[in-house]
Structure formats: C-alpha cells, structure tokens
Amino acid sequence: MKKQIQLLSIAFLAFSLPVLAQDNAGLKLPEGFKANLYANNIGGARHIAITKSGVIFAKLNNPNKEGNSIVRLEDANNDGVADKINGWAKYGGTGIFVKGNSLYASSNEAIFKYELNSKDEVVNPLAPVTIVSGLIDRRQHNSKSITFDMANNIYVNIGAYSNACQEKDRMPGSQGMMPCPILDSAGGIWKFDGSKENQTYKDGKRYGTGLRNVIGLDWNTNSNQLYVAQHGRDQLNSFYPNLYSDAQNAEIPAETFYEIKEGDNAGWPYVYYDPSQHKKIVSPEYGGDSKKEGSSEFKEPAVAFPAHMAPMAVLFYTGNQFPAKYKNGAFISFHGSWNRAPLPQEGFFVAFVPFKDGKAIGEWEIFANGFAGTENGAKIANPSKAKARPCGLAQGPDGSIFVSDDTKGAIFKISYSK
Amino acid sequence: MVNLLMNRAIKIILLSCFLVIAQYSNAQNKINGKKIYETRCLVCHQSDGGGVPNMNPPLDGATNVNGKDIARLVKIIRNGYDERIALDGMYYNNAMAANPDLKEDAIADVLTYIRTSWSNKAGVVTTSQVKAALLKNKAAKK
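Below or above, wherever it landed, is the structure these notes cover. The model shown is predicted, which means the values in this text are computed figures rather than measured ones.

A separate point is the packing of helix 2 (residues 70-79) of chain B against helix 3 (residues 104-116) of chain B. Residue and element names in this part refer to chain B. Two numbers describe how helix 2 lies on helix 3: the axes approach to 11 Å, and their chain directions differ by 115°. Taken as axis vectors, helix 2 and helix 3 run roughly perpendicular relative to one another. The element helix 2 and its partner helix 3 pack so that their crossing is right-handed. Only Ile107, Val110, Leu111 and Arg115 of helix 3 make contact with helix 2, whose side of the interface consists of Ile70, Leu73, Val74, Ile77 and Arg78. Its residues assigned to classes, the contact of helix 2 with helix 3 shows 7 nonpolar, no polar and 2 charged.

As structure tokens, this is what we get:
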C-alpha cells in the first residue's frame, strides 16, 4: 500500500511538474518560488511602487490607450491578480516612489508629489506639487529614476545625453571632450530635499558623478547607503574596429553596480570597466588602446555584470517571505541588450546579488528568467522580438516581489512558499 | 525580310543583355548595401530591421523608409537624425550620428538595401537620385 502511494505520488509529480513549470506566467524560477501575471497590457510600465496596504502604482513611459501615464492597481479580493485598475496623468517618465502618505513620480525633467488618503487613493491627481523641475532632458538617457534615503532626501539620476562625451556624439573618430562638460549637469546622481517645493539644480547637490546612465537605484537601508546600476557605453566595435572585435564588444564594458558615497566618481566617460581584465580601462575616445589602465581615483564596482544587458531597477529585499539568503540582498532587473549585435542578445531576466554585513558577496545569479518568451529559453537576436522586458521592481507588504515590463505592460508577482 | 528579322533579333538580344546587367547591378547594389548596413546601421536598427523599442526606430515596415521622399532619407543618412518627431506614431530616444564620409553610390546602396529587405518592397535608389537629393538639400539650406 505504502509503495503504491509512493508510486502514485511519483506519477503525480512527473505529471504535474511540467505543468507547473509552464505555469508561473512563463517564468523560470528557483525551487519553491511561483509567479503569476498580476496585470497585463496596462501600457509600458517603467518603475513601480507599493504602499503598505499593497496598492501598486506604475509609472508608464508614455500615456496608455486610456491616456493615463500613472496607473493605480489594487488586488481587492486578494487572489494575486489586480482587479481594480485606474489611472491619471499625461506625462511620460520612469520614476515612482511611495514615502509615507506621499506618492512621488517623475517626468523626464521634473519630480512631482501627490497626496494619498487612507485608502491609498490619490487626492490631488490633477494638481501635484512640483518638487524639482528643469532637469536636463536631451532625449538620450533622459529617464529620471528616484529613490529616498532614510531621512527625507530624494536621489535622482540625470543620465548623460551622450554615449562617450565625444565632440560629436556617436561619430566615428570624434574625440572625447576634456574635461567632459556634460558632467556639470548630467551623468550623475543629484540629491534634493524631498519636502521642499520648486527646487532646481541650484537647490540640489551632485551626490555622485561619472555615471553615464543610471536607471536602477535603491537605498540599502541595512548599510544606509545608495546603490546604483550603470548602463555602460556602447559601440566600441563600430568606432574602433581595430581595437575591438564584434565578439569583444559583446562582452565589454561590464554593466556595473556601485555603492555610491557622497562625492564618488565612477569614471564615465574617461574609463570603462573591462570584466575580463577586472580593470578600469581608459576609453579609446580619451587615448585608450583597450589595455591602458585608468586612474585609481575612480570607483571600483561592487559587482560587474555582463555587458549591455541594461539594468533597469534595484531592489534591496527586506521581506521575510523568501528564504534567508535573500534577506538584505539586491534584486536587479535587466531589460535585455541591443548592443551585443551581431551576436545574440542577453539579459531579459532578474538577477540576485547576495549581501552580507552590508557588502555584496559571492557570485550573482539569475533569479527569474524567461521574460523574453522564446521557445525553450532560446537566445534572442533582436530585442523587438522579446515578449516582455523586465523593468521595475518592488516588494509587496507580504514579502512577494513584483516585476514590471515596459513593452506591453505586464506585472509579474513572484512569491515563495515552502 | 531576313534583314528585318535580324534587326529584331539583335534588338531582343541587346534588350535582354541590358536587363541582365541591370538585374546584376541591382543585386550588386544590395550586396554592397548589406555590407554598409552591417558595419554602420545594424547595431541600432538590428539585423531584422526591427529596431529597439523606444530607442531606435524599426526600418522594416516603416512608412517613411518605403515612401517616396528619397531626399529626406538621403539627408538622414548623410547628416544624422535627432528631431524628436513621431515615426509611425512612436517616439525614439537615441540619436542617429551623421555619415559624412559615405559617398553618393554608397548611400544609394544602403538605401536600396533597407528599402528592399525584410518585408520592405519599395524601389531601388540610384546614385543619380542621391546626387539630385544632395543638391536639393544643399539648395534648401541656402
């Protein structure tokens, strides 16, 4: 009898495993984790933020079909799927953050503040308070992500409107400008007072510099420090084919994850990080030859990820639902590359970086994969073919995490149970 | 009578020679255009011409690429493009660099390639069309 039950349960497992694997909204996850589609087709969802009661706000790249660029989602019947969805606002953008009873959202040049009532509904959708405005938007790398420290300061990335600070952007043979004038007003993280209205550059402070384009940033409340993930420069092979082959360009430079203290300089545009040499290398626009090492004044990355995968959000996990190893570690979403062409693209997953005593330790790993939706996880040649591209990350009140997609606008919910 | 037949035969032979040569040079154009595309354009517009969502526009199926305004296409290739206008209803964030060193025949070849590849079935672009477009663009600048 016992044996029969064993056999039965093995047969049941063999039958149910592939079914379960197919479920999970198409994602591949570590054992014990499951995923489902919390929402879909809400419009290209960049960052997401969650209130204490579990209401999700998603900032859209552009207004969706209904003409809204901020969407509020609520799972009122608690079945893991949003059942109350509405929205407002006309401005595209990326950043969104919930702090107490305030909701902050960013356009590509400003940061606005809304007030939430006791049901986490926005009281003043049409009349937000302007916290910061006049931030540089020259299209390239214009999204303004935001996070807060444990006091009430906002940190916002202002991406460099350039690839490598050449005199003529992305023009073969054009030299790098010395010093790079872009760094005065972009290519770094700026700090503002979260409670003061109508601030602009002169009211803020450049907190960290030499960062080409940061989209993912988060405050590590455990070590009380800012962490940012940079998008490394493009096109080494197309500008310097005699220094970099297509295959080398596909691996150089690393996408870098930094712990940023006030005044830190990560070195863009003067250096880039070569993951195979484990070194900061002088950019060819500044006299580099693919080997010459850059100045040691520039920051070392905490983690170097494979090139061009485009880190979109950082989330330090403070929940209790996931196994202990995830506590205080960092999840990082990767949009998926385009600059590895003609080689196949990489990314389209959420990675995990373990932390101990406030420092990144050990090897990073792929946490959730399969967003691109290819058969059997096949490589993708062209990013426009990816079904979903991971972007925003947020942690729910029960310790589940949510991942947004900025193609059609899916939101995945990932949970763990023993 | 014999003469007349001869005459016709010669005409037919000449015509077919011409057609074969024309076909051959179109194919040559496209091969050269593909080479230029792979070294200068593929990184942004991708091997399938599908572009990169929100960053670089698709060329496959794009209205302008398949359209009649050759002068505009020539100008984009020569001078680069950063206009912040909607292309088939979408906006793109990257900036396209100029190609000042691409000669007239090379511009014709790469335009021929993008207009006749993937699902695109617009016509070839000739060197003389490119020359005319450059003159027109120059006149418009003055």
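We are not done yet, so read on.
A word on the packing of aromatic side chains. All names here are of chain A. Scanning all chains against the criterion turns up 38 aromatic pairs over all chains. With a centroid separation of 5.4 Å and 80° between ring planes, the pair formed by tryptophan 88 and tyrosine 114 is classed as edge-to-face. One end of the pair, tryptophan 88, is in strand 5 (residues 84-88); the other, tyrosine 114, is in strand 8 (residues 111-115), and 26 residues separate them in sequence. Accessibility classification places tryptophan 88 together with tyrosine 114 in one group, the buried group. Geometrically, the ring pair formed by tyrosine 317 and phenylalanine 322 is stacked, given 4.5 Å between the ring centres and 15° between the ring planes. Like phenylalanine 322, tyrosine 317 is buried. The structure contains a cluster of three or more aromatic residues connected by ring pairs, namely Phe33, Tyr317, Phe322, Tyr326, Phe331, Phe352, Phe367 and Tyr416. In this arrangement the basic side chain of arginine 138 is found over the ring face of tyrosine 161, its NZ or CZ atom lying 4.4 Å from the centre.

Turning to the environment of Ile154(A), a few remarks are in order. Residues and elements named next belong to chain A. Along the chain, isoleucine 154 falls in strand 11 (residues 153-158). Look at isoleucine 154 and you get buried, because its relative accessible area is 0%. Note: C-alpha distance between isoleucine 154 and asparagine 142 (12 residues apart in sequence) is 17 Å. Setting aside residues up to four positions removed in sequence, isoleucine 154 forms contacts with Tyr104, Ile111, Ile131, Ile146, Thr147, Phe148, Trp190, Lys191, Phe192 and Gly194.

Bringing the sheet that holds strand 9 (residues 129-132) of chain A into the picture now. All names here are of chain A. Read across the open sheet, the 4 strands follow the order 6-7-8-9; overall the sheet is antiparallel. Each edge of the sheet is formed by a strand with only one pairing partner; in this case those strands are strand 6 (96-99) and strand 9. Strand-to-strand twist across the sheet, computed as the mean angle between neighbouring axes with direction ignored, equals 25°. Judged from the 5 bridges that link them, strand 7 (residues 102-106) and strand 8 form a sheet pairing that is antiparallel.

All names here are of chain B. Its place among the elements puts asparagine 99 in the loop between helix 2 and helix 3. Classification of asparagine 99 as buried rests on a relative accessible area of 13%. In terms of polar contacts, asparagine 99 uses its side chain to reach the backbone carbonyl oxygen of isoleucine 77, at 3.0 Å. Excluding residues within four positions of it along the chain, asparagine 99 makes contact with Arg40, Ile77 and Arg78.

Let us look at the sheet that holds strand 5 of chain A. Residues and elements named next belong to chain A. Taken together, 4 strands build an open sheet; the order of strands is 2-3-4-5 and the sheet is antiparallel. Single-partner strands in this sheet number two, and they are strand 2 (45-50) and strand 5. Each neighbouring strand pair of the sheet contributes to a mean axis angle of 20°, computed without reference to strand direction. Relative to strand 3 (residues 56-60), strand 2 runs antiparallel, the two sharing 4 bridges. Bridging from a neighbouring strand, isoleucine 48 pairs with alanine 58 of strand 3.

Okay, the pattern of salt bridges next. Residue and element names in this part refer to chain A. All chains considered together, the criterion is met by 21 salt bridges over all chains. Residue aspartate 203 pairs with lysine 202 through a salt bridge whose shortest N-O separation is 3.6 Å. With relative accessibility at 30%, the residue aspartate 203 sits in the partly exposed group. One salt bridge in this structure joins arginine 340 and glutamate 251, with 2.9 Å as the shortest N-O distance. Linking arginine 340 in the loop between strand 22 (330-334) and strand 23 (349-353) with glutamate 251 in helix 3 (residues 246-251), this pair joins segments that are 89 residues apart in sequence.

Another aspect to go through is helix 4 (residues 127-141) of chain B. All names here are of chain B. For helix 4, with 15 residues, the first-to-last C-alpha span of 21 Å sits near the 21 Å given by 1.5 Å per residue. Burial in helix 4 covers these residues: Val130, Ala133, Leu134 and Asn137. One side of helix 4 holds all its buried residues, which, seen down the axis, span an arc of 100°. Opposite the packed face of helix 4, turned more than 90 degrees from it, sit the exposed residues Ser128, Leu135, Lys136 and Ala139. Those residues of helix 4 that are buried lie in contact with helix 2 and helix 3.

Each partner contributes to the interface: chain B provides 24 residues, whereas chain A provides 24 residues. When the two sides are added together, the surface that chain B and chain A hide from each other amounts to roughly 1,900 Å², 47% of it contributed by carbon and sulfur. Considering only the surface of chain B that becomes buried against chain A, Val43(B), Arg84(B) and Asn93(B) emerge as the three largest contributors, covering 27% of it. Taken together, the links from chain B to chain A amount to 3 salt bridges. In this structure, Asp137(A) and Arg84(B) form a salt bridge, with 3.4 Å as the shortest nitrogen-oxygen distance. Joining chain B to chain A, the criterion identifies 11 residue pairs in polar contact (both at pLDDT 80 or more). Residue classes in the side of chain B that touches chain A are distributed as 11 nonpolar, 9 polar and 4 charged.

All chains considered together, the criterion is met by 1 disulfide over all chains. Two residues share a disulfide in this structure: Cys165(A) and Cys180(A), whose sulfurs sit 2.1 Å from each other. One quick way to see it: the torsion about the S-S bond of Cys165(A) and Cys180(A) is about 95°, and its sign makes the bridge right-handed. In this pair, Cys165(A) is assigned in the loop between strand 11 and strand 12 (188-193) and Cys180(A) in the loop between strand 11 and strand 12, connecting sequence segments 15 residues apart. Residue Cys165(A) shares its accessibility class with Cys180(A), and that shared class is buried. In this structure Cys391(A) is a free cysteine whose sulfur lies 20 Å from that of Cys44(B), the closest cysteine sulfur available. There is no disulfide at Cys44(B), and the cysteine sulfur nearest it, in Cys41(B), is 8.7 Å away.

Conventions adopted
- Residues numbered from 1 in each chain as written.
- Chains lettered and ligands numbered in written order.
- Predicted model: local features only at pLDDT ≥ 70, side-chain atom pairs only at ≥ 80, totals over all residues.
- Heavy atoms only, no water.
- Axes fitted to C-alpha atoms, helices over the stretch in contact; angles between N-to-C directions.
- Helix = DSSP H or I, 4+ residues; strand = E, 2+ residues; numbered from the N terminus.
- Parallel < 35°, antiparallel > 145°, perpendicular 65-115°, else oblique.
- Left-handed = near helix turned anticlockwise from the far one by under 90°.
- Contact = heavy atoms within 4.5 Å.
- Nonpolar A, V, L, I, M, F, W, Y, C, P; charged D, E, K, R; others polar.
- Phe/Tyr/Trp six-rings, centres within 6.5 Å; stacked < 30°, edge-to-face > 60°.
- Buried < 20%, exposed > 50% of the residue type's maximum accessible area, 1.4 Å probe, protein only.
- Lys NZ or Arg CZ within 6 Å of the ring centre and 35° of its normal.
- Pairing = 2+ DSSP bridges.
- Polar contact = N/O pair within 3.5 Å; in protein donor to acceptor, adjacent residues only side chain to side chain.
- Salt bridge = Lys/Arg side-chain N within 4 Å of Asp/Glu carboxyl O.
- Expected span 1.5 Å × (residues − 1).
- Arc of directions from axis to C-beta.
- Buried area = accessible area lost by both parts, 1.4 Å probe.
- Disulfide = S-S within 2.5 Å.

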